[in-house]
Amino acid sequence: MSVRPGLASQTTSILTTPRSFLAAILSVACVFSIGIDVPLFAALPVAAKDKKPKQDPALKNLPITELSADEAILHALNRLAYGPRPGDVERVRQMGLAKWIDQQLNPNSIDDKALEARLEDYPTLKMSSAKLIEEYPLPKQAEKEAAKRAQAQLEQQQQRRSDVAAAIVSKDMQATPAPTEAAATDINQTPVAVQSKDGDANAPAPMKDNPAQENLGAQGKGKRDVLGSDPNNVPRAIGEDSKRPQRVVAELAMAKVTRATYSERQLQQVMDDFWFNHLNVFAGKGEDRYYLTAYERDVIQPHTLGKFKDLLTASAKSPAMLFYLDNFLSADPRAAQREAQERYARQMARYRGWGTPPVPPSAQKKNNDRGLNENYGRELMELHTLGVDGGYTQKDVTEVARCFTGWTIEKPRQNPEFKFDDRLHDPDPKYVLGKKIHAGGMKDGEEVIDLLVHDPSTARFISTKLARRFVSDNPPPALIDRMAKTFSESDGDIKTVMHTMIYSPEFWSRETYRAKIKTPFELVVSATRALGTDVDMPQPLVGWVGRIGEPIYQCQPPTGYADKADTWVNTGALLNRLNFSLALAGNKMRGSRTDVAALLGVETSGDAKAALERAVHVFLGGQVGPTTVETLEKQLDSPQVVQAKLDDPVKQVDLGVVAGLVLGAPEFQRR
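Residues numbered from 1 in each chain as written. Predicted model: local features only at pLDDT ≥ 70, side-chain atom pairs only at ≥ 80, totals over all residues. Heavy atoms only, no water.

(A) Geometry of the overall build of the protein. Along its length, the protein carries 28 helices and 6 strands. Of all 671 residues assigned to the protein, the portion counted as buried reaches 52%. Restricting to contacts in the protein with at least 6 residues of sequence separation, those with at least 24 account for 77%. (Helix = DSSP H or I, 4+ residues; strand = E, 2+ residues; numbered from the N terminus. Buried < 20%, exposed > 50% of the residue type's maximum accessible area, 1.4 Å probe, protein only. Contact = heavy atoms within 4.5 Å.)

Listed below in structure tokens is the structure:
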């Protein structure tokens, strides 16, 4: 991968120059102009109310009456994809929006070889979990200690040299005062790493004791910023030649950004993100750093538009989920006693009266036997299927946990594959939601999955989450009813449910248009796509997603990241969003190259107002609120926009700053 030199320190400068002042002004405008589920002011001509306009041919076979053709295409690209790239709106218009939607619902019909070529840069994506453990081993404790000692010695040597140099400088300068350094901004504060309560990565997964702790990164707290204060600085542990475990998750995150940015199968990428978040697994928990690659590749991606039951079953058997929610440790509390009794019986059968007789289990010293773990049983019902109001009880949680005893992992640190261990399974009958479960062995768990998938509460819960992601934070009840009906009638066919949603009038209503706030991941990818940025090395983009508040694969609670505006709208996050947009459009992003002049036109470089109008047309479809226009126009005379002295007759407009300001506007934060 080629990386342009000299950019490693440029991104942070944007935070300490007058540009940060512009960012602060616009972020305040964002806070006060972004509402929730309130449509933006549209600066486009509105058709006369007493005359029904004829539907554009590009919208044929779609129930669109309130949006223009360009609005509808932009709406589809923002909801069913990660936003348009240059030329996408016109391309979709030419082929017809319904045809584009049909292709997206059938991703295998779309050629995606260009993306596959880019993914060749990440060899870990094709490796098994066992191979990853072998190729990217954890450093041995002795090696870690030796490295610490060597680092300490190096720091001592550097300190001594620094002290000598300081003494010489002090002598030369005598009484000359040293310049004071500029104070760091709040944005450069040291991030807090996400970890288990007791610091043990292998500790039981934390449950939702305090829902308010979700999405702390969006509020500037508890976020895991693996790149530190400068996203352009790539640590050695995740460098291309690194063989450290961190490289595995780093490649996974870079591949996720690459897919979202370049894949022609856009809906599949959006659905991949949706289902991973729905069936969340935290990369920071022990061996899951190795299991996550296979989890997304073999569990999530093949089932994004398939049968929900198949997806749920694959997840339940995945070592990543088994480890994350501790079900691989769950066992019938009587299993150890049964095994001891069977062993004693075998020993007695072989005993011939000579020597010391076998010791009966009742006289043996008891070890710390494994017991029942209810984590997965609880989250399976509360988060994966029925929902918190799905009508189950604590007794049901316990019974489901009993059904899944014996679902474990074969050699977790050598060959992590799903294994059913009948010795650990509870053989007695169980009762879940009033139904007797007694199929026997592994079939007990499979029967529970079948029961939950076909429960009406699951149909409604999944339909609500899909509608919240794709329609609005508070989706219309009538739409949810129709989607839930489709879910039940189609036996949980995700593509059919999506078709019902997409071809509904509610999806294309004026109230739905730009009614969703982009998550940090959506913002970073959509801005990259909008600018047509050529990304050679996406790690800095991954870092910015974390800095804005949504570290990829780093959501610790099983709830996943929230999908409502109030989680992401706050002054600090919006300031980071604008700083990101300015850095990307201004070519301050390591490994990314943006040709803004080609988008806005070279002729606009001498006219700030023309450049702004062109940027609004390119990035916002010409639709912008009056508050945003007023705020942006006030910045056009700024030295950061017009690169010239006051008495210089020739004005040169920094098109990167203009583009960055528009991408940081409230309208672009919506999808």
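(B) Structural context of a negative patch on the surface. A cluster of acidic residues, Asp121, Glu240, Asp241 and Asp536, forms a negative patch at the surface. Tracing the chain through its elements places aspartate 536 in the loop between strand 5 (534-535) and helix 22 (539-548). (Patch = residues over 30% accessible without salt bridge, like charges linked within 9 Å, V, L, I, M, F, W, Y side chains within 5 Å. Areas by Shrake-Rupley, 256 points an atom, 1.4 Å probe, with all protein chains shown as cover. Salt bridge = Lys/Arg side-chain N within 4 Å of Asp/Glu carboxyl O. Lys, Arg positive; Asp, Glu negative; His and termini not counted. Charge placed at Lys NZ, Arg CZ, Asp CG, Glu CD.)

(C) View of the nonpolar core. Counting residues in hydrophobic clusters, the biggest one holds 148 residues, and the most contacted among them are Leu97, Met498 and Trp508. The biggest single contributor to this core is helix 9 (residues 246-262), with 9 residues. Residues in contact with methionine 498, not counting those within four places in the same chain, are Leu105, Leu267, Met271, Leu305, Leu466 and Phe470. Ranked by size, the runner-up nonpolar core spans 5 residues in total, among them Cys555, Tyr561, Ala565 and Trp568. (Core = buried A, V, L, I, M, F, W, Y, C linked by side-chain atoms within 4.5 Å.)

(D) Just the pairing of strand 1 (residues 407-410), in detail. Across 4 bridges, the pairing between strand 1 and strand 2 (residues 417-420) is antiparallel. What sits directly across from isoleucine 409, in strand 2, is phenylalanine 418. Between the end of strand 1 and the start of strand 2, which pair antiparallel, lie 6 residues, with lysine 411 showing a positive phi angle near 50 degrees. (Pairing = 2+ DSSP bridges.)

(E) Quick peek at the packing of aromatic side chains. All told, the structure shown has 14 aromatic pairs when counted by the stated rule. Ring geometry for phenylalanine 507 versus tryptophan 508: centroids 4.9 Å apart, planes at 80 degrees, classification edge-to-face. A single burial state applies to phenylalanine 507 and to tryptophan 508, both of which are buried. Pairing tyrosine 561 with tryptophan 568 gives two aromatic rings, centres 6.3 Å apart and planes at 55 degrees, and the pair type is tilted. In this structure an aromatic cluster arises from ring pairing among Phe274, Trp275, Phe308 and Phe487. Sitting above the plane of the phenylalanine 521 ring, lysine 256 keeps its charged end 5.2 Å from the centroid. Above the ring of phenylalanine 323, the side-chain terminus of lysine 285 is found at 5.5 Å from the ring centroid. (Phe/Tyr/Trp six-rings, centres within 6.5 Å; stacked < 30°, edge-to-face > 60°. Lys NZ or Arg CZ within 6 Å of the ring centre and 35° of its normal.)

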